[in-house]
Amino acid sequence: MSIRIPSLQSKLPDVGTTIFTVMSQMAHDYGAINLSQGYPDYDGPELLRERLSWYAGNGHNQYAPLAGIAALREQCAAKIERFYGHTTNPDTEVTITPGATEAIYCAVTAVIQPGDEVLMFDPVYDCYDPAVRLSGGIPVHLRLAAPDYRIDWDQVARAVTPRTRMIMINSPHNPSGSVIDEQDIRQLTTLAEAHDLIVVSDEVYEHLVYDGREHASVLREPRLAARAFVVSSFGKTFHVTGWKTGYVVAPEALTTELRRVHQFVAFVACTPVQYALADFMASTPEHLDQLPAFYQHKRDLFNEALSASRFRFTPSAGTFFQLVDYSAISDDDDQTFVRWLTQQIGVAAIPMSVFYQSPPEERYIRFCFCKEDATLHKAAGILVAL
Ligand code: PMP
Ligand code: GLN
């Protein structure tokens, strides 16, 4: 019997397995300390995990409502009011999703028509460009220049055309750790209004901002909030990346379009996880206030230990990532360097070039510091010897 396989034309022919999966697998295969993919090597709060097992053990295991359970949407709205002074209607403006990735995909898919141009900034988080292309949109890659990785608003203004429909921003920024400020928000507001752009603001690291800074959320500016999908992730905020639960805040008209897509992509997010998160947010609001100090301690511990090394760096302003320049150690390109670092030296990292349409000149790699202090000490102890 001959079995005939169907002809196939890939919709993403240039895309391989994500670098995060590749590097974590390599770290595992070579027994390296994994400072590549961004996830903690410690658990989320005990009470949160206890609430999940309670709900899973007590009959909360069927579909949630499409938008997410009311109690969690209300907690999100209360948190947004508290941190950003923005009043959000939990029924019509908040949607719980299976992770920020799905939220971003649905926001893009809900809005982008074939031929629409979408502005994004390299180094760019890996799910933005494919989402745009799958909708027939055209990703327009601008640059954040090292070492500051700030948005050059003149460059942005020059890139706008009559086909520009959306701008995607990410602050605190993965992978660079840079953050936007009020001045950026003002520039973004002027630009978005002048050209009638929709904004996707990826704020999954909103509570991981250091050195006393406040997170410049798009939700602080009503004129921007009126034209934005603001995306966050409970995975980052509560140390449970594997729970894959996030949310999107958007004005009612945008939320309606988002839900039209979301109901046919995932339909809903996981039910007992939503109940557990709602309980934990209600009972432990101080968790959010403690996060900056918790992670700043880890950043400082890692950086202090690395200061004796030949890596050069500027301390990260946000996220749980630290970029380092390895050019004093090696002339290799970054992919070769991280392979060597993982396989021969025993510490895994992420190469920066994967976040660019055309490779950057500087030689940087990304380390993740959401790890036990002992893990960070151990990794730094190895890295200072290079
Ligand atoms: N955006 C950025 C910038 C991220 O770093 C991540 C992280 N993993 C996501 C989106 C996706 O988050 P989630 O795991 O909730 O899908
Ligand atoms: N956002 C995480 C990182 O940057 C990885 C998430 C994923 O593997 N998709 O490391």
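The preceding data block contains the structure.
Rules and cut-offs
- Residues numbered from 1 in each chain as written.
- Chains lettered and ligands numbered in written order.
- Predicted model: local features only at pLDDT ≥ 70, side-chain atom pairs only at ≥ 80, totals over all residues.
- Heavy atoms only, no water.
- Helix = DSSP H or I, 4+ residues; strand = E, 2+ residues; numbered from the N terminus.
- Expected span 1.5 Å × (residues − 1).
- Polar contact = N/O pair within 3.5 Å; in protein donor to acceptor, adjacent residues only side chain to side chain.
- Near = heavy atom within 4 Å.
- Areas by Shrake-Rupley, 256 points an atom, 1.4 Å probe, with all protein chains shown as cover.
- Nonpolar A, V, L, I, M, F, W, Y, C, P; charged D, E, K, R; others polar.
- Buried < 20%, exposed > 50% of the residue type's maximum accessible area, 1.4 Å probe, protein only.
- Contact = heavy atoms within 4.5 Å.
- Pairing = 2+ DSSP bridges.
- Axes fitted to C-alpha atoms, helices over the stretch in contact; angles between N-to-C directions.
- Core = buried A, V, L, I, M, F, W, Y, C linked by side-chain atoms within 4.5 Å.
- Arc of directions from axis to C-beta.
- Phe/Tyr/Trp six-rings, centres within 6.5 Å; stacked < 30°, edge-to-face > 60°.
- Lys NZ or Arg CZ within 6 Å of the ring centre and 35° of its normal.

Undergrad: Which parts of the structure should I look at to understand helix H7 (residues 182–194)?
TA: Residues three or four positions apart in an α-helix share a direction because the helix packs 3.6 residues into each turn. Helix length check: H7 (13 residues) gives 18 Å between terminal C-alpha atoms against 18 Å at 1.5 Å per residue, within 8%. Its side-chain oxygen at 3.1 Å from the backbone nitrogen of Gln183, Asp181 defines the N-terminal cap of H7. Within two residues after H7, Asp196 carries a phi angle of roughly 50°, on the positive side.

Undergrad: Explain the site of ligand 1 to me, please; I cannot follow it from the model alone.
TA: As a matter of local geometry, ligand 1 sits amid Gly99, Ala100, Thr101, Tyr125, Asn170, Asn174, Asp202, Val204, Tyr205, Ser233, Lys236 and Lys244. Taking Asn174, its side chain carries an N or O atom lying 2.8 Å from an oxygen atom of ligand 1. Surface burial for ligand 1 is 92%, taken as the share of its 390 Å² of free accessible area covered by protein chains. Along the lines of polarity and charge, the residues of the shell around ligand 1 split into four nonpolar, five polar and three charged.

Undergrad: Is there a simple way to explain the environment of Leu323 in this structure?
TA: For Leu323, the position within the fold is in strand S9 (residues 321–325). Relative accessible area serves as the criterion here: at 7%, Leu323 is assigned to the buried category. Measuring from C-alpha to C-alpha, the distance between Leu323 and Arg363 comes to 10.0 Å, with 40 residues separating the pair along the chain. Non-local contacts of Leu323, meaning those with residues more than four positions away in its chain, are made with Tyr149, Pro175, Ser176, Arg312, Phe313, Met352, Tyr364, Ile365 and Arg366.

Undergrad: Which parts of the structure should I look at to understand the sheet that holds strand S7 (residues 228–233)?
TA: Pairing between sheet strands relies on hydrogen bonds along the backbone, with the strands arranged either parallel or antiparallel. The strand order across the open sheet built from seven strands is S2-S8-S7-S6-S5-S3-S4, with neighbouring strands paired in mixed fashion. Looking at strand neighbours, the two that pair on one side only are strand S2 (94–97) and strand S4 (138–143), the edges of this open sheet. Averaged over neighbouring strand pairs, the angle between their axes works out to 20° when direction is ignored. Bridging between S7 and strand S8 (residues 246–249) involves four bridges; their strand directions are antiparallel. Considered in S8, the bridge of Val231 is made with Val248. Where helix H4 (residues 100–111) meets the sheet, it contacts S2, strand S5 (164–170), strand S6 (198–202), S7 and S8, and its direction lies at approximately 165° from that of S7.

Undergrad: Would you mind going over the nonpolar core with me for this structure?
TA: Side chains of nonpolar character tend, in soluble globular proteins, to be buried together. Counting residues in each nonpolar core, the largest one holds 121 residues, and the members touching the most others are Ile167, Met168, Phe229, Phe311, Ile365 and Phe367. The element contributing the most residues to this core is H4, with eight residues. Apart from the residues lying within four places of it in its own chain, the contact partners of Met168 are Ile104, Val108, Val118, Leu119, Met120, Phe121, Tyr128, Val132 and Val200.

Undergrad: Help me understand the site of ligand 2, please; the structure alone is not making it clear to me.
TA: Near ligand 2 you find Phe20, Gln37, Gly38, Tyr125, Asn174, Tyr205, Lys236, Phe321 and Arg366, and these make up its full shell. Gln37 places a polar side-chain atom, nitrogen or oxygen, 2.7 Å from an oxygen atom of ligand 2. Contacts to ligand 2 include Tyr125, whose side-chain N or O atom sits 3.1 Å from a nitrogen atom. By residue class, the composition of the shell around ligand 2 is four nonpolar, three polar and two charged.

Undergrad: How should helix H14 (residues 373–383) be read in this particular structure?
TA: Looking only at H14, the buried set comprises Thr375, Leu376, Ala379, Ala380 and Leu383. Along the axis of H14, the buried residues cluster in a sector spanning 125°; they form a single face. Facing away from the buried side of H14 by over 90 degrees, the exposed positions are Ala374 and Lys378.

Undergrad: I tried to follow the packing of aromatic side chains on my own but got confused; where do I start?
TA: Within a pair of aromatic rings, the relevant descriptors are the distance that separates the centres and the angle that separates the planes. Under the counting rule described, the total for this entry stands at 23 aromatic pairs. Geometrically, the ring pair formed by Tyr42 and Phe294 is edge-to-face, given 5.7 Å between the ring centres and 80° between the ring planes. With Tyr42 in the loop between strand S1 (33–34) and helix H2 (46–57) and Phe294 in helix H12 (residues 286–306), this residue pair connects regions lying 252 residues apart in the sequence. When the centroid spacing of 5.2 Å and the interplanar angle of 80° are considered together, the rings of Tyr205 and Phe320 count as edge-to-face. Note that Tyr205 is positioned in the loop between S6 and helix H8 (222–225) and Phe320 in the loop between H12 and S9, a separation of 115 residues in sequence. No difference in accessibility class separates Tyr205 from Phe320, as the two residues are buried. Taken together, Tyr42, Tyr205, Phe294, Tyr295, Phe320 and Phe321 form an aromatic cluster joined through their ring pairs. Over the face of the ring belonging to Phe321 we find Arg366, whose NZ or CZ atom lies 3.5 Å from the ring centre.

Remember, this is a structural readout, not a statement about activity or role.
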